[in-house]
Amino acid sequence: MRVSRSIALAAVAVLAVATPASAATALFDPIPAPIPVRNSSIALQTVANGLVSPVTGTVVPGDSKHLYVADQGGMIWAVDVRGSSPKTLVADLSGLLVSSLAKVIPGLPYDERGLLGLAFDPGFEDNGLLYTFTSENPTPATDFTTQPGVTPAGGQIVISQWRVLDREAEHLMVDPSSRRVLM
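Residues numbered from 1 in each chain as written. Predicted model: local features only at pLDDT ≥ 70, side-chain atom pairs only at ≥ 80, totals over all residues. Heavy atoms only, no water.

A. Fine view of the overall build of the chain. A tally of helices and strands in the chain yields three helices and eight strands. Ordering the α and β elements of the chain from the N terminus gives α-β-β-β-β-α-β-α-β-β-β. For the chain, buried positions account for 25% of its 183 residues. For the chain, restricting intrachain contacts to residue pairs at least 6 apart in sequence, the fraction spanning at least 24 positions comes to 44%. Surface exposure of the chain reaches about 13,000 Å², of which carbon and sulfur atoms provide 61%. (Helix = DSSP H or I, 4+ residues; strand = E, 2+ residues; numbered from the N terminus. Buried < 20%, exposed > 50% of the residue type's maximum accessible area, 1.4 Å probe, protein only. Contact = heavy atoms within 4.5 Å. Areas by Shrake-Rupley, 256 points an atom, 1.4 Å probe, with all protein chains shown as cover.)

In structure tokens form, the structure reads like this:
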């Protein structure tokens, strides 16, 4: 009994030392005063139409005129953020993508596969490289799986590197023959 009381008192002493005194104080308020009302207005302007399922948008280092949008169906579009010209097609990767579940399961309008990511290389101005993240049909000899012993079905994730035809052109176009599968 005496040992149990000693252990209990030691535990209380440890908790008292381990608990900081500031635990009971209020948190710092990063905005201590009301934000003043200004005579500002915000408006939205349509800069692109006809996108099916845009999943991401990114910019090219040094290009403040365009937003590059990955549309899940496989299209990469350059959108003029000034709204002064229509969007232009940078690449059509739809032929690489896994077949849609909409064809397999009637009534399912879309699924979570397709062209899902787009990024420009930080050295794009010098090398003209960009990267895509896509869902594609499994290849016969996959070199990686998260399910050992299981044949991939329904698609595999592929990260590819691409090069544009002319990195200084007003409207970029991906060179379809430049694809290099990274993973």
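B. Summary view of the pattern of salt bridges. According to the stated counting rule, one finds two salt bridges in the structure shown. Here Asp80 ties to Arg82 by a salt bridge, and the two come within 3.0 Å at their closest N and O atoms. On the basis of relative accessibility, which here comes to 2%, the residue Asp80 falls in the buried class. Residue Glu136 is joined to Arg179 by a salt bridge in which the shortest nitrogen-to-oxygen separation is 2.5 Å. Of this pair, Glu136 sits in strand E6 (residues 129-136) while Arg179 is found in the loop between strand E7 (156-163) and strand E8 (180-181), placing the two residues 43 residues apart along the sequence. A relative accessible area of 9% means that Glu136 is categorised as buried. For Arg179, a relative accessible area of 26% puts it in the partly exposed group. (Salt bridge = Lys/Arg side-chain N within 4 Å of Asp/Glu carboxyl O.)

C. Up close: the packing of aromatic side chains. This model, assessed by the stated rule, comprises two aromatic pairs. Here Tyr68 and Phe120 contribute two aromatic rings whose centre-to-centre distance is 5.1 Å and whose plane-to-plane angle is 65 degrees, an arrangement assigned as edge-to-face. You can see Tyr68 sitting in strand E2 (residues 66-71) and its partner Phe120 sitting in strand E5 (residues 115-120), a full 52 residues away along the chain. As far as the burial class goes, Tyr68 and Phe120 line up, both buried. Look at Phe120 and Phe124: their rings are 5.2 Å apart centre to centre, the planes differ by 85 degrees, and that puts the pair in the edge-to-face class. Comparing Phe120 with Phe124 shows no difference in burial state: the two are buried. Members of the aromatic cluster, joined through ring pairs, are Tyr68, Phe120 and Phe124. Over the aromatic face of Trp77 sits the side chain of Lys87, whose NZ or CZ is 4.7 Å from the ring centroid. (Phe/Tyr/Trp six-rings, centres within 6.5 Å; stacked < 30°, edge-to-face > 60°. Lys NZ or Arg CZ within 6 Å of the ring centre and 35° of its normal.)

D. Here's a closer look at the sheet that holds strand E4 (residues 88-92). One open sheet holds the four strands; their spatial order is E1-E2-E3-E4, and the pairing between them is antiparallel. In this open sheet, the two strands that pair with only one neighbour each are strand E1 (54-58) and E4. The average angle at which neighbouring strand axes cross in this sheet is 25 degrees, direction not considered. As paired elements, E1 and E2 share four bridges and run antiparallel to each other. (Pairing = 2+ DSSP bridges. Axes fitted to C-alpha atoms, helices over the stretch in contact; angles between N-to-C directions.)

E. Quick peek at the sheet that holds E5. Strand order in this open sheet of four strands is E5-E6-E7-E8, and the pairing throughout is antiparallel. The strands lining the two open edges of the sheet, one partner per strand, are E5 and E8. For E6 and E7, the ladder comprises eight bridges, and the chain directions are antiparallel. The partner of Glu136 across the bridge, within E7, is Gln156.

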